[in-house]
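Residue strings, one per chain:
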Amino acid sequence: MENTKDLTEHSSRPERKRRDSFGMFDGYDSCSEDTSSSSSSEESEEEVAPLPSNLPIIKNNGQVYTYPDGKSGMATCEMCGMVGVRDAFYSKTKRFCSVSCSRSYSSNSKKASILARLQVTGKPPTKKAKVLQKQPLVAKLAAYAQYQATLQNQAKTKAAAVSMEGFSWGNYINSNSFIAAPVTCFKHAPMGTCWGDISENVRIEVPNTDCSLPTKVFWIAGIVKLAGYNALLRYEGFENDSGLDFWCNICGSDIHPVGWCAASGKPLVPPRTIQHKYTNWKAFLVKRLTGAKTLPPDFSQKVSESMQYPFKTCMRVEVVDKRHLCRTRVAVVESVIGGRLRLVYEESEDRTDDFWCHMHSPLIHHIGWSRSIGHRFKRSDITKKQDGHFDTPPHLFAKVKEVDQSGEWFKEGMKLEAIDPLNLSTICVATIRKVLADGFLMIGIDGSEAADGSDWFCYHATSPSIFPVGFCEINMIELTPPRGYTKLPFKWFDYLRETGSIAAPVKLFNKDVPNHGFRVGMKLEAVDLMEPRLICVATVTRIIHRLLRIHFDGWEEEYDQWVDCESPDLYPVGWCQLTGYQLQPPASQSSRESQSGSSKQKKKAKSQQYKGHKKMTTLQLKEELLDGEDYNFLQGASDQESNGSANFYIKQEP
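Within an unreviewed UniProt entry, the label attached to the protein chain reads MBT domain-containing protein 1 isoform X1, and the organism entered is Trichechus manatus latirostris. On record in UniProt, under Subcellular location (unreviewed entry), the comment for the protein chain is "Nucleus".

See the structure below:
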């Protein structure tokens, strides 16, 4: 970050119209803006001859639409020609589909309106306006039925807390006084390691939207509030007036440090609303900006560099087999979005058998990894690489922490606690089933393992998803006992004695806890690890050392997930907007009921197909088991292999 320059050195003005060091027009008061208001569409509306009062009608563009039951139905926009539900149209007369069309119509002639429609559709507007009139009675009845359904959906939408299409992080945060996790909490995200001291009161140059000049102009704004990548901005000169405050992504292409306009030859023009407040805007800026902070001059370059990803399409990797957790398969990178990979299994002929994960996920490895550590691997039926496909260089994958297995180490049969990858809201009683090379372990959940071990899963010894016996009790987390275990409440001492097993030594677990910066209540964007193509609005609801409890806004707690603080599946607010990924807004009440119902039915079907039984959890019967066709195996662990908790103990009982 750098301070803005003292502006007093730029006081000379040899030419009145020349822009000064801020890029401001010296003779701004001569740059008049058109403030005349055009007549409204209602005032210019032509009167239509009255029709019999007993005949319900819709008047649009000279066309009259009626329905047999006497109820109004559809309307046609006079500006763009769009046909839609009449009640959803703008204004009392329902002549326009939106505010923008109404304003465009009032500021343009009828000829311009017709020309615009011709350019968009390539057809005269009268043809489109007559579409419904030419339809037979059955089609009209169908349209009316759809209209009634639309009204019902609109009623549900109004009752919903947040609209699916209209979600805005800024409005969501402002209306609820939420706090977002800072960008520095996400080391794997763009600018996560070089965010610097960007904070409130930092000044930047942004487009001036309160201006009617024909060219794009800029003005200086200050950061009022930060929420991840998003910033609430206020134009300089508005003081305590928040009337024109607006949210924008600080990493956007139109955001620049103070001084950029002068260097780029772009004009600085004060907003029209406050244009009258000062006669000497240059003196005002000198006073306000002296000693203020702005973005580093290379900020946009750093943003661009941090969004360059080494993984490319057609690269081959080994990834967990979502049909059999205990093995890996070869997959090919189909696309890369913000460091997230869409992997298609190599044997998928129609390229629909895919798997989503981050490039730093612990679930992907270089070709040959499975053989090198003794992990099960499904050989591909494809004996020859497809043209253009090539193996990903090993150095691109996340590195795990080196461990010494020569001394005291994990052994088969040892007990521990682990996040269940099939139900990430629970931590379960687990057993080490196999010790692999390089510190990797195959683990099974007690009481619900398949006879052939096909649901064992691989965690590294330093994984943040495994814990020593007693972790849940010490940290007041409810531990999920083995399925069918009836001696409740569950006690480790009794269970170890009954099973004749021993607990994995506490010292073998990595107990490093980074200063991650997360706080309870912080908002973020998080991958739904049970449906990894989805990134949702989420909240940190609990923090246990480095372990975070992630809640998906609008959904029940049973869908919460335990995730490591350094997981690459967590992102700052605004990440989806920055990378072009689709964000799933908070679920409304109606969508929760419909989606959770279908989700539970699907999960139940998966359970019956794969194992034919359910595993009891503390809140519900666990139904998220394996499906041979479309189950997605995911784990909440981070690829960052510095894990554990600072308080790992077990109570010794006689």
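Let us look at the overall build of the protein chain. If you tally the helices and strands in the protein chain, you get 14 helices and 33 strands. Looking at the 654 residues of the protein chain, the share that counts as buried comes to 49%. In the protein chain, the proportion of contacts linking residues at least 24 apart, taken out of those at least 6 apart, comes to 64%. Here the protein chain displays about 31,300 Å² of accessible surface, and carbon together with sulfur accounts for 51% of that area.

Turning our attention to the side chain of Thr462. Looking at where Thr462 falls in the secondary structure, it is placed in the loop between β23 (457-460) and β24 (466-467). For Thr462, the side chain forms a polar contact with the side chain of His460, separated by 2.8 Å.

Here the focus is the side chain of Glu236. Topologically, Glu236 is positioned in the loop between β9 (230-235) and β10 (246-249). Among the polar contacts listed, one links the side chain of Glu236 to the side chain of Arg288, at a separation of 3.4 Å. Beyond its immediate stretch of four places on either side in the chain, Glu236 contacts Arg203, Trp219, Ile220, Ala221, Ile274, Phe284 and Arg288.

Looking now at helix α12 (residues 492-499). For α12, the complete set of buried residues consists of Trp492, Asp494, Tyr495 and Leu496. Here the buried face of α12 lies against β20 (415-419), β21 (427-435) and β25 (479-480). At the C-terminal side of α12, Gly500 shows a positive phi close to 65°.

Where burial is concerned, most of strand β15 (residues 340-345) is hidden: six out of the six residues are buried. The two faces of β15 match: Arg340, Arg342 and Val344 on one face and Leu341, Leu343 and Tyr345 on the other face are all buried. Both strand β14 (residues 324-337) and β15 contribute to a ladder of six bridges, which runs antiparallel. The partner of Ser335 across the bridge, within β15, is Arg342. Here β15 runs beside strand β16 (residues 354-358); their pairing, made up of five bridges, is antiparallel. Note on β16: the bridge partner recorded for Val344 is Asp354.

Turning our eyes to something else, we now look at the pairing of β21. When β20 meets β21, the two strands line up antiparallel, connected through five bridges. Across the sheet, the residue bridging to Lys415 is Thr431, located in β21. Of the pairings in the sheet, the one linking β21 to β25 comprises two bridges and is parallel in character. What sits directly across from Ile427, in β25, is Leu479. Sheet topology note: the β21/strand β22 (residues 440-445) ladder contains five bridges and is antiparallel. Directly across from Val435, in β22, lies its bridge partner Leu441.

A few words now on the pattern of salt bridges. Applying the stated rule across the entire model yields 30 salt bridges. With its nearest N and O atoms 3.8 Å apart, the salt bridge here joins Asp494 to Lys487. With a relative accessible area of 13%, Asp494 lands in the buried category. The shortest N-O distance in the salt bridge between Arg549 and Asp560 comes to 3.6 Å. Taken together, the positions of Arg549 in strand β28 (residues 547-552) and Asp560 in the loop between β28 and β29 (561-564) put the pair 11 residues apart, joining distant regions of the chain. Note on Arg549: relative accessible area 12%, which makes it buried. On the accessibility criterion, Asp560 (5% relative accessible area) is buried. Linked through salt bridges whose partners overlap, the residues forming this network are Asp321, Lys322, Arg323, Arg327, Arg329, Glu347, Asp353 and Lys378.

Summed over all chains, the structure comprises zero disulfides. Here Cys428 is not disulfide-linked; the sulfur of Cys472 is the nearest cysteine sulfur, at 8.7 Å.

On to the nonpolar core. Counting residues in hydrophobic clusters, the biggest one holds 105 residues, and the most contacted among them are Trp195, Ile250, Cys251, Phe299, Phe410, Ile427 and Ile550. Judged by nonpolar contacts, the second largest core, of 18 residues, contains Val317, Val319, Ala331 and Met359.

Let us now look at the packing of aromatic side chains. As enumerated under the stated definition, the model contains 29 aromatic pairs in all. Measuring from ring centre to ring centre gives 6.0 Å for Trp195 and Tyr229, while their planes differ by 70°; the resulting arrangement is edge-to-face. Of this pair, Trp195 sits in the loop between β6 (179-180) and β7 (203-207) while Tyr229 sits in the loop between β8 (218-227) and β9; the two residues are 34 residues apart in sequence, bridging distant segments of the chain. Comparing Trp195 with Tyr229 shows no difference in burial state: the two are buried. Their ring planes at 70° and their centres at 5.5 Å tell us that Tyr485 and Phe490 sit as a pair that is edge-to-face.

With that settled, consider unusual backbone geometry. Residue Pro489 follows Leu488 across a cis peptide bond; omega there is 0°. Note that Pro489 resides in the loop between β25 and α12.

This brings us to the environment of Met79. Summarising the element assignment, Met79 is placed in the loop between β4 (74-76) and β5 (83-85). The class of Met79 is buried, set by a relative accessible area of 11%. Through-space distance from the C-alpha of Met79 to that of Phe96 is 6.7 Å; in sequence the pair is 17 residues apart.

In the predicted model, the protein chain carries a mean pLDDT of 76, and the fraction of residues at 70 or more is 66%. Long-range and interchain partners of residues 107-141, a stretch whose pLDDT sits below 50, account for 42 contacts in this model, where long-range means more than four residues apart. In this model residues 152-164 is a low-confidence stretch, pLDDT under 50, and it forms 10 contacts with partners more than four residues away in sequence or in other chains.

Calculation rules
- Residues numbered from 1 in each chain as written.
- Predicted model: local features only at pLDDT ≥ 70, side-chain atom pairs only at ≥ 80, totals over all residues.
- Heavy atoms only, no water.
- UniProt positions renumbered as here; feature names shortened; annotations may be inferred.
- Helix = DSSP H or I, 4+ residues; strand = E, 2+ residues; numbered from the N terminus.
- Buried < 20%, exposed > 50% of the residue type's maximum accessible area, 1.4 Å probe, protein only.
- Contact = heavy atoms within 4.5 Å.
- Areas by Shrake-Rupley, 256 points an atom, 1.4 Å probe, with all protein chains shown as cover.
- Polar contact = N/O pair within 3.5 Å; in protein donor to acceptor, adjacent residues only side chain to side chain.
- Pairing = 2+ DSSP bridges.
- Salt bridge = Lys/Arg side-chain N within 4 Å of Asp/Glu carboxyl O.
- Disulfide = S-S within 2.5 Å.
- Core = buried A, V, L, I, M, F, W, Y, C linked by side-chain atoms within 4.5 Å.
- Phe/Tyr/Trp six-rings, centres within 6.5 Å; stacked < 30°, edge-to-face > 60°.
- pLDDT = per-residue confidence, 0-100.

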